[in-house]
Amino acid sequence: MGGGQIMRRLFLGIDFGTGGCKVTAVSESGEVVADASVEYPTEYPRQGWSEQNPSDWYAAMCKAVAEVGAKGADLSKVAAVSFDGSTHNAVLLDGNMSPVRKTIMWTDQRSVAECEELRKTCRDEIFSTAYQMPTPTWTLPQMMWLKNNEPEVLKKTRRVLFVKDYVRYLVTGVAVTDYIEAQGTLFFDMESMSWSERLVGLSGLDFASLPEIVKPADSAGKVTAQAARDLGIAEGTPVVCGTSDSAVEDYGAGAIEPGDCILKLATAGNVNVMTAEPHPFKTTLTYSHVIEGMWYTVSATNAAALCQRWFRDAFCEPEKSLAASTGGRAFAIMDAIAEKSPVGANGVMFHPYLQGERSPYWDPDLRASFTGISISSTRGDFMRALLEGVAFSLKDCYGAIEEMGLGVKRIFLIGGGAKSPLWSSIVSDVFNMSVAVPIPGDASYGAALLAGVGAGAFANAADAVKKCLKIGRFVEPDPSSASRYAELFEKYKAAHDALAPVCKMK
């Protein structure tokens, strides 16, 4: 292939986040040619439950790819495609590869009793094998809940895939997963890098139903004739496996060296620290990195930008209407209102436990709250308190990283929330550290780079990032605000400690 033709090649990254599908077309120089996002719904049939319909993912992908083409990306020049998605979410399939039920999502909290059983009977075995502690976010207790409550579902299950793997199967006809995705199940052996027959047995799944495990940059088939018609991409286009959204977004944001730290303001919020070897810890998560041999430690809050979306939809009809009439964004209008409130939101404080909480409390009973409300509290105070509360929650997660003694040398801020200058500034002040905001710094971009790696456009995964990464801006902390937030953070933790017992009252 000639040099001019190579430069015209595009790589497509397709991300299945918790709230929607984002597709990004990237050139070999790392430039974003076009991107598009399409939301899909999450169903909450009971308190603490969280499910999605697998058919929504493929439809959203097709629409997003079409929008990317409409925005100027020449889909005929797509040279490779790669996928990523939120992890832990098992897609249970029958003998015809059709889903047997809606997918239980990682935010689901129904398997509390199953987690208690696992902790009582085999906690140490699970931790030593899978490097994680049992909580409702993992696939293993989710499957145990099905075994106890919907046994007919597991009897019908012949194959198991995960979100991005299921959609990729619809595109290629090849059913595989990668080892990072597999690590999100709690029935994967970290030392042997293979499924643990013993832990799979606890889940109630048939061991033979589990997919073959490959590497993130490995080939996972080619676009079929039907998928080519659906997507507008050439039949036979190579497809690269891809991996979990957390792993690929850390990678695509530039966190490729030990000591790099990711702060994520997406549906959920993460504090991820890159390491040269695994550091299993009972209040964090441990995963392999996209770059072979590296690992990363995760301390995560269940709800970050999800809180802002919830507040917008529940309480901000005027801002939504204004955005619709002016062509603006409701979140930007909300930020402008929040910015009029001072540091500390005039005493209003928010705890973002809309779906229980993961790090550092691992308490599914926690519930979100606004406190410190007075007769003089304004809408802006509530809006600012929400942004501050999520930043405090990330700081709370960071405490586990400090307890582990993991060194942090630089911080990258990513996720939809990072686009907000106000929220970025609040995070920098709460952490009292400089943060770099990469462009675009999201999972679909990392997946696109991984597609390029799999297609041979880059020497290796690290080379792709070094050649393509761009930093949009650096955010420096304001000393006065940082000092005030340090005081308020202690109040935030004290309020959690006081309210946690109330949340457990039935």
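Residues numbered from 1 in each chain as written. Predicted model: local features only at pLDDT ≥ 70, side-chain atom pairs only at ≥ 80, totals over all residues. Heavy atoms only, no water.

### A look at the side chain of Asn272
Step number 1: Topologically, Asn272 is positioned in strand β16 (residues 269-275).
Step number 2: Polar side-chain contacts of Asn272 include one of 3.4 Å to the side chain of Asn270. (Helix = DSSP H or I, 4+ residues; strand = E, 2+ residues; numbered from the N terminus. Polar contact = N/O pair within 3.5 Å; in protein donor to acceptor, adjacent residues only side chain to side chain.)

### A look at the packing of helix α15 (residues 421-431) against helix α18 (residues 479-503)
In a pair of packed helices, the angle between the axes and the distance between the axes together describe the arrangement.
Step number 1: One can describe the packing of α15 onto α18 by two numbers: an axis separation of 7 Å at closest approach and a directional angle of 70°. With respect to α18, the element α15 is oriented roughly perpendicular. In terms of crossing hand, the pair formed by α15 and α18 is right-handed. Facing Ile426, Asp429 and Val430 of α15, the residues of α18 in contact are Ser481, Ala482 and Tyr485.
Step number 2: Here the contact of α15 with α18 is built from residues that sort into 4 nonpolar, 1 polar and 1 charged. (Axes fitted to C-alpha atoms, helices over the stretch in contact; angles between N-to-C directions. Parallel < 35°, antiparallel > 145°, perpendicular 65-115°, else oblique. Left-handed = near helix turned anticlockwise from the far one by under 90°. Contact = heavy atoms within 4.5 Å. Nonpolar A, V, L, I, M, F, W, Y, C, P; charged D, E, K, R; others polar.)

### Considerations on the pattern of salt bridges
Step number 1: Under the counting rule described, the total for this entry stands at 30 salt bridges.
Step number 2: The shortest N-O distance in the salt bridge between Arg101 and Glu150 comes to 2.9 Å. Residue Arg101 is located in the loop between β6 (90-93) and β7 (103-104), and its partner Glu150 is located in the loop between α4 (139-149) and α5 (151-156); the two are separated by 49 residues in the primary sequence. Here the two residues Arg101 and Glu150 agree in accessibility, since each one is buried.
Step number 3: The salt bridge involving Arg312 is made with Asp313; its shortest N-O contact spans 2.8 Å.
Step number 4: What makes Arg312 buried here is its relative accessible area of 16%.
Step number 5: Salt bridges linked by common partners bring Glu51, Arg101, Asp108, Arg110 and Glu150 together as one network. (Salt bridge = Lys/Arg side-chain N within 4 Å of Asp/Glu carboxyl O. Buried < 20%, exposed > 50% of the residue type's maximum accessible area, 1.4 Å probe, protein only.)

### Details of the pairing of strand β17 (residues 285-288)
Step number 1: Burial along β17 is two-sided: the face carrying Leu285 and Tyr287 and the face carrying Thr286 and Ser288 are both buried.
Step number 2: As judged from the 4 bridges shared by β17 and strand β18 (residues 295-301), these two strands associate in the antiparallel manner. For Leu285, the partnering residue across the bridge sits in β18 and is Val298. (Pairing = 2+ DSSP bridges.)

### With respect to the nonpolar core
Step number 1: Counting residues in hydrophobic clusters, the biggest one holds 66 residues, and the most contacted among them are Leu92, Leu205 and Tyr251.
Step number 2: Every residue in contact with Leu205, bar those within four places of it in the chain, is listed here: Leu92, Met143, Leu154, Thr157, Val160, Phe187, Val200 and Leu210. (Core = buried A, V, L, I, M, F, W, Y, C linked by side-chain atoms within 4.5 Å.)

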